[in-house]
Amino acid sequence: MSTPFVLSLLLVIDALLLSFQISELSISYDETTLLNGALSPLQLLIKASFLIFGQNDFALRFPMIFMHILSALLLYNISKEYLKIERNRLWLLLVFILLPGVMSSAIVVNKAGFILFGLLLFVYLYKRFSPRIYYPILIFYMLIEGNFVYLFMALSLFGLYTKNRNLFLLNVILTALSLLLYGIDMHGSPKGYFLDSLGLYAAIFTPIVFVYLFYVLYRRYLTKDLDILWFIATTALLLSLLLSFRQKIAIEYFAPYVILSLPLVAQTFEHSYRVRLNQFRKTYKLIFALSLAFLALNSSVVFLNKYLYLVLKQPKKHFTYKMHVAKELAKELKGRGIECVNTNKKMGQRLEFYGVTKCNNYILQENYLNTSDVNNVTISYKNRIVYSANVTNININ
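As the structure is a prediction and not an experimental result, all values here were calculated from the model.

Caption draft 1: Geometry of the packing of helix 8 (residues 131-144) against helix 9 (residues 149-161). Where helix 8 meets helix 9, the closest approach of the two axes is 10 Å, and the angle between their N-to-C directions is 145 degrees. For the pair formed by helix 8 and helix 9, the contact residues are Leu-138, Tyr-141 and Met-142 on the first element and Leu-151, Phe-152 and Leu-155 on the second. Of the residues that constitute the contact of helix 8 with helix 9, the class distribution is 6 nonpolar, no polar and no charged.

Right, dumping it as structure tokens:
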């Protein structure tokens, strides 16, 4: 099969699997906060999608899936400079698609997917075009999103290292302006979040991939084999770990930067594999096979996550519980002729997305899976009750 065909097939399957997953999820409270909060580029994208497709789950998540597919294409094109064998670029793309952090950013409405797309777009433009193209992009990034400040920091160091005076000065200025406009949240005293951050990175990349990634970045530092991807990924990784000594960091703002190191990881792995004789390649084949197996397993858990309720004693311990229940609950309430309720803030905002507004005619109160009340409403997955609440009709007359 030709490379373009395999590439297209991978992306189509990826998009279809993510699209099928949309029906399994409800809007989360964090997503409603993003939609109803301060104006942002991502909020505008989602609302533009609503104008085209209407206010529904597909319109909510379509921009994230679309940016994810574009990000995959950008990564594939960037990797051409690092991987000369087309087959290896496709393997890299498959690893990228299967990474738990990438899969999450492809369907959950948060800034991670937006930042990842922005970073890959900049790197692609940097490698293909002149500063007249990518300098305005950097200025645009500074104006629209504060979390690109780590990119400006990395490019300042990269400009200093490569003696690129214009790149250095521009990004020093952009860093200062970003800190002035948005700041960096630094608070608290050391609380041991360093190990937590390492654990989150291991979850985002899977342990094998993250350990090898860390090794590649360190090895390239020792050999002085440093390029723009190394500076972006390493600066964000070290800064996130440094900040984690003082506070619990929002890992989703740093992980997209570290993901940019994947072409470096693939290049190092390819070189280490090819310079060895066949009899000494078994270890590398085993490492790669185990990595793909873990990635495939993680992907299966994500796509079949509702089956986990069958083994969890407490449904709320489920890792995606905050993205379940609301859609089914709204449907159940509407089926009873209830179009508005008074409930807690988080559930209230989620229900409002599905057309169940706030009023004082009915009170919806969770009752911790007590299903004996006749006014009870329950939500079940795979024949397991995961949510139960009482709906009380208040006679306001």
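Now that the structure is up, let's keep going.
Caption draft 2: Looking closely at a nonpolar patch on the surface. Together, Phe-5, Leu-9, Val-12, Ile-13, Leu-16, Leu-17 and Phe-20 line one region of the surface with nonpolar side chains, adding up to about 650 Å² of accessible area. In this structure, Leu-17 sits in helix 1 (residues 3-22). Classification of Leu-17 as partly exposed rests on a relative accessible area of 39%.

Caption draft 3: Examining helix 12 (residues 207-222) more closely. With 16 residues, helix 12 extends 23 Å from end C-alpha to end C-alpha; this agrees with the ideal 22 Å at 1.5 Å per step. All of the buried residues along helix 12 are Val-209, Phe-210, Tyr-212, Leu-213, Val-216, Leu-217 and Arg-220. Axial view of helix 12: buried residues confined to an arc of 165 degrees, hence all on one face. Seen from the open side of helix 12, the exposed residues pointing more than 90 degrees away from its buried face are Pro-207 and Val-211. Just past helix 12, the residue Lys-224 takes up positive phi, approximately 60 degrees.

Caption draft 4: Molecular detail of the sheet that holds strand 3 (residues 376-381). An order of 1-2-4-3 is seen for the 4 strands of this open sheet, with the pairing classed as mixed. Because the sheet does not close on itself, it has two edges, and the strands there are strand 1 (340-342) and strand 3. Each adjacent strand pair in this sheet contributes to an overall mean axis angle of 40 degrees, direction not counted.

Caption draft 5: Molecular detail of the nonpolar core. Counting residues in each nonpolar core, the largest one holds 117 residues, and the members touching the most others are Phe-96, Leu-151, Phe-205, Leu-329, Leu-364 and Tyr-387. One finds Leu-25, Met-103, Ala-106 and Val-108 within the second-largest nonpolar core, a separate group that totals 9 residues.

Caption draft 6: Quick peek at unusual backbone geometry. Non-glycine residue Val-325 carries a positive phi angle of around 80 degrees. Relative to the assigned elements, Val-325 resides in the loop between helix 16 (282-303) and helix 17 (326-335). Look at Val-325 and you get buried, because its relative accessible area is 1%.

Caption draft 7: How the structure looks around the side chain of Asn-88. You can see Asn-88 is positioned in helix 5 (residues 86-98). Residues in contact with Asn-88, not counting those within four places in the same chain, are Leu-83 and Glu-270.

Caption draft 8: Representation of the state of the cysteines within the structure. All chains considered together, the criterion is met by 1 disulfide. Covalently, Cys-340 is tied to Cys-359 through a disulfide, its sulfur atoms 2.1 Å apart. Given an S-S torsion of about 80 degrees, the disulfide between Cys-340 and Cys-359 has right-handed geometry. Separated by 19 residues along the polypeptide, Cys-340 in strand 1 and Cys-359 in strand 2 (residues 357-366) bring together distant segments of the chain. Cys-359 matches Cys-340 in its accessibility class, with the two residues each being buried.

Caption draft 9: Here's a closer look at the pattern of salt bridges. Inspection of the entire model under this criterion finds 10 salt bridges. Note that Glu-24 is salt-bridged to Lys-306, the shortest N-O span being 3.4 Å. Of this pair, Glu-24 sits in the loop between helix 1 and helix 2 (29-36) while Lys-306 sits in the loop between helix 16 and helix 17; the two residues are 282 residues apart in sequence, bridging distant segments of the chain. Where Asp-57 meets Lys-327, a salt bridge forms, and the shortest distance between an N and an O atom there is 3.3 Å. Placement of the pair is Asp-57 in helix 4 (residues 57-78) and Lys-327 in helix 17, with a sequence separation of 270 residues. Of the two residues, Asp-57 and Lys-327, both sit in the buried class. One connected set of salt bridges, linked through shared partners, spans Glu-24, Lys-306 and Glu-328.

Caption draft 10: Examining the pairing of strand 3 more closely. Note: strand 3 against strand 4 (residues 384-393), 6 bridges, orientation antiparallel. Bridged to Val-377 within strand 4 is Ala-389. Taken together, strand 3 and the strand that follows it, strand 4, pair antiparallel across an intervening segment of 2 residues, in which Lys-382 is found at a positive phi of about 55 degrees.

Caption draft 11: Looking closely at helix 9. Taking 1.5 Å per residue, 13 residues should reach 18 Å; helix 9 reaches 19 Å between its end C-alpha atoms and fits that length. The buried count for helix 9 comes to 10 of 13 residues, which makes it a mostly enclosed element. The inward-facing, buried residues of helix 9 abut helix 7 (111-128), helix 8, helix 10 (165-181), helix 13 (228-243) and helix 14 (255-259).

Caption draft 12: Just the packing of aromatic side chains, in detail. Enumeration according to the criterion identifies 28 aromatic pairs in this entry. Between Phe-58 and Phe-62, the ring centres sit 5.5 Å apart and the planes meet at 35 degrees, which makes this aromatic pair tilted. Taken together, the positions of Phe-58 and Phe-62, both in helix 4 and 4 residues apart, correspond to about one turn of that helix. A relative accessible area of 31% places Phe-62 in the partly exposed class. Connected via pairs of aromatic rings, a cluster forms that spans Phe-122, Tyr-126, Tyr-134, Tyr-135, Phe-158, Tyr-161, Tyr-221, Trp-230 and Phe-231. Lys-306 extends its terminal NZ or CZ atom over the ring of Tyr-381, reaching a point 4.0 Å from the ring centre.

Thresholds applied
Sequence order as written defines residue numbering, which begins from 1 separately in each chain. Where totals are concerned, whole chains, interfaces and linings use all residues; where local detail is concerned, this predicted model gives features only for residues with pLDDT of at least 70, and gives and counts side-chain atom pairs only at 80 or more. Derived side-chain values reflect all non-hydrogen atoms in the structure, with water molecules and hydrogen atoms excluded from consideration. Only the stretch in contact is used when fitting a helix axis, every axis being a line fitted to C-alpha atoms; angles between N-to-C directions are given from 0 to 180 degrees. Helix and strand assignments follow DSSP, with helices taken as H or I runs no shorter than four residues and strands as E runs no shorter than two, numbered in order from the N terminus. Note on contacts: a residue pair qualifies if any of its non-hydrogen atoms lie within 4.5 Å across the two residues. Polarity classes work like this: nonpolar for Ala, Val, Leu, Ile, Met, Phe, Trp, Tyr, Cys and Pro, charged for Asp, Glu, Lys and Arg, and polar for all others, with Gly in that last group. Candidates for patches are residues over 30% relative accessible area with no salt bridge; among them, like charges are joined within 9 Å and nonpolar side chains (Val, Leu, Ile, Met, Phe, Trp, Tyr) within 5 Å. Reported accessibility uses the Shrake-Rupley method at a 1.4 Å probe radius. Residues are deemed covered only where the shown protein chains occlude them. Any carboxyl oxygen of Asp or Glu that lies within 4 Å of a side-chain nitrogen of Lys or Arg is treated as forming a salt bridge with it. Categorising residues by exposure relies on relative accessible area from a 1.4 Å probe, with only protein chains included: less than 20% of the type maximum marks a residue as buried, more than 50% marks it as exposed, and the intermediate range marks it as partly exposed. Residue count minus one, scaled by 1.5 Å, sets the expected span of a helix. To be clear, the arc concerns the directions from the helix axis to the C-beta atoms. Whether two strands pair comes down to DSSP finding at least two bridges between them. Here, nonpolar core refers to any group of buried Ala, Val, Leu, Ile, Met, Phe, Trp, Tyr and Cys residues whose side-chain atoms link them within 4.5 Å. When the sulfur atoms of two cysteines come within 2.5 Å, that pair is taken as a disulfide. Only centres within 6.5 Å qualify two rings of Phe, Tyr or Trp (six-membered ring in Trp) as a pair; their planes then separate them into stacked at under 30 degrees, edge-to-face at over 60, and tilted for everything else. Note on criteria: charge over ring means Lys NZ or Arg CZ within 6 Å of the ring centre, with the direction from the centre no more than 35 degrees off the ring normal.

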